There are 2 protein chains.
Amino acid sequence: MPALPPRVIALDGDDTLWHNEAMFSTSYAEFRDLLLRHSDLDQATIDERLLLVERRNLVTYGYGIKGFTLSMIETALELTEGRIPGIAIETLVQRGRAMLAHPVELIDGAVEVIETLRERDHEVWLITKGDLFDQESKIARSGLADLFHRIEIVSEKDDATYRRLLDRHGVDPADFAMAGNSLKSDVLPVAALGGQGFHVPYHTTWAHEMVSGPIPYPYTELASLRELPSALGSR
Amino acid sequence: MPALPPRVIALDGDDTLWHNEAMFSTSYAEFRDLLLRHSDLDQATIDERLLLVERRNLVTYGYGIKGFTLSMIETALELTEGRIPGIAIETLVQRGRAMLAHPVELIDGAVEVIETLRERDHEVWLITKGDLFDQESKIARSGLADLFHRIEIVSEKDDATYRRLLDRHGVDPADFAMAGNSLKSDVLPVAALGGQGFHVPYHTTWAHEMVSGPIPYPYTELASLRELPSALGSR
């Protein structure tokens, strides 16, 4: 007899339930164009430096758009040795504001999948990583907030984070599954604790979320979010 | 017979358990000096504009140092019509980084008060407002984390926030007290729900946290954090 599906199903937000990375890709493109106009550098140098500064700043700023905006400004100043004009810095500040106000566009099937999981008596959680204020705003604008039994916004998604959440709410890892687009943040730490990890790739992955080397835990790869309910089976 | 003191005592972080506003005052002074060097404006105009931009941006950035840094950059660009040199913008970015790395200096009596409350069998919570990543970092550096039974980081402290926290943890407002330096964020919303509010003023108050008009709920004013245990009485 197959084991029952886990009672608690958690879903990631950015690039799992709603589009996010596309907005960052646009910002990368706009940053590149701006720096091409204000320097003699080539595209690759500009892209690489922004990525490097962004990574270097994670330890200082954490995840999120405000930190990314500060990283764009810092990179622009570094690459031009402080010579980029104020009006260009203003463009970057405005780009950050535009990202924060960007409409939340749901991933295909998001509402239906959550509703199906609820109908099957799962407890459905949202576990999302990033800036508290920005994530709360996005969750509100997504229209999904009332569909979740629990919403957790965390600053990092590692083994310790999931362990703490499960302990706090008295959930056995064997009774827990997490689905998301990041192997590093959504799938591997949950699989490491003995929960079920479901990987739902987004068409682009932020370089910082890339995993290298073999994957040491079993997990399930899905082609789309819509496959999640049948992959879990019935309770 | 007097009523028992409340079971759950919550404390605010910034300017209640550790110094915070002093660091912002220093940033205001450095911003003023920088703009005096790069414009013909007077001190008052510079201070007022930064405060105005900061307030205007709360709805976009929320509370915290990253948003404040972006507000400093935006104000500098506005006040100089984009003419401030890149090197000055870099100074502002660095000022933000310095704030994020600033040592956490505890308010006199912080540890002793928490320990006394614990010895008297209170459940002691920390409820702090602001940027998730920055607050987690400060809590870790404060050395106080292990002394709390519960730590909650929220994006806003209003009636709805406290109501949600108390509901979630099954605490009756009559069994709840909150102590902090902000009438607006720590005292009034708790008193409005029927909990006990203790106001522990800090020597400076951020303009945004000022309350105008009469206070419609009873609360207790303390001269210092050290007075809290005796003001609560014994359980």
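Refer to the structure printed above.
Residues numbered from 1 in each chain as written. Chains lettered and ligands numbered in written order. Predicted model: local features only at pLDDT ≥ 70, side-chain atom pairs only at ≥ 80, totals over all residues. Heavy atoms only, no water.

Caption draft 1: Local environment of the overall build of chain A. Helix and strand content of chain A: nine helices and six strands. Rg of the C-alpha trace for chain A: 19 Å, near the compact-globule value of 18 Å for 235 residues, within the 12% margin. Overall size of chain A, expressed as C-alpha extent along the three principal axes, is 70 × 35 × 30 Å. A sequence separation of at least 24 residues applies to 70% of the contacts in chain A between residues at least 6 apart. For chain A, the accessible area works out to roughly 10200 Å², and carbon and sulfur atoms hold 52% of it. With 23 positive and 37 negative side-chain charges, chain A shows a separation of 3 Å between the mean positions of the two kinds. (Helix = DSSP H or I, 4+ residues; strand = E, 2+ residues; numbered from the N terminus. Rg over C-alpha atoms; globule rule 2.2 N^0.38 Å. Contact = heavy atoms within 4.5 Å. Areas by Shrake-Rupley, 256 points an atom, 1.4 Å probe, with all protein chains shown as cover. Lys, Arg positive; Asp, Glu negative; His and termini not counted. Charge placed at Lys NZ, Arg CZ, Asp CG, Glu CD.)

Caption draft 2: Focus on the packing of helix α2 (residues 43–61) of chain A against helix α3 (residues 65–79) of chain A. Residues and elements named next belong to chain A. Look at α2 against α3: their axes get within 9 Å of each other, and the N-to-C directions meet at 130°. By the criterion of interaxial angle, the relationship of α2 to α3 is oblique. Two packed elements cross with a definite hand, and for α2 against α3 that hand is right-handed. Residues Ile46, Arg49, Leu50, Val53, Glu54, Arg56, Asn57 and Tyr61 of α2 touch α3, and the partners they reach there are Gly67, Phe68, Leu70, Ser71, Met72, Glu74, Thr75, Glu78 and Leu79. In the contact of α2 with α3, the residues fall into eight nonpolar, four polar and five charged. (Axes fitted to C-alpha atoms, helices over the stretch in contact; angles between N-to-C directions. Parallel < 35°, antiparallel > 145°, perpendicular 65-115°, else oblique. Left-handed = near helix turned anticlockwise from the far one by under 90°. Nonpolar A, V, L, I, M, F, W, Y, C, P; charged D, E, K, R; others polar.)

Caption draft 3: Molecular detail of the sheet that holds strand β3 (residues 150–154) of chain A. Residue and element names in this part refer to chain A. Sheet architecture is open: six strands sit in the order β3-β2-β1-β4-β5-β6, paired in parallel fashion. Strand pairing shows two members of the sheet lacking a second neighbour, β3 and β6 (220–221), which therefore form its edges. Where helix α7 (residues 159–168) meets the sheet, its contacts fall on β2 (123–129), β3 and β4 (176–180), and the angle it forms with β3 comes to roughly 150°. (Pairing = 2+ DSSP bridges.)

Caption draft 4: Examining unusual backbone geometry more closely. Unusually for a residue other than glycine, A:Asp15 sits at a positive phi of about 65°. Among the secondary structure elements, A:Asp15 is positioned in the loop between β1 (8–11) and α1 (21–38).

Caption draft 5: Structural context of the interface of chain A and chain B. Contact residues are listed per partner, giving 30 residues for chain A and 30 residues for chain B. For the pairing of chain A and chain B, the buried interface totals around 2700 Å² over both sides, and the portion due to carbon and sulfur atoms is 61%. Along the contact surface separating chain A from chain B lie two salt bridges. Linking B:Glu74 and A:Arg97 is a salt bridge whose minimum nitrogen-to-oxygen distance equals 3.0 Å. (Buried area = accessible area lost by both parts, 1.4 Å probe. Salt bridge = Lys/Arg side-chain N within 4 Å of Asp/Glu carboxyl O.)

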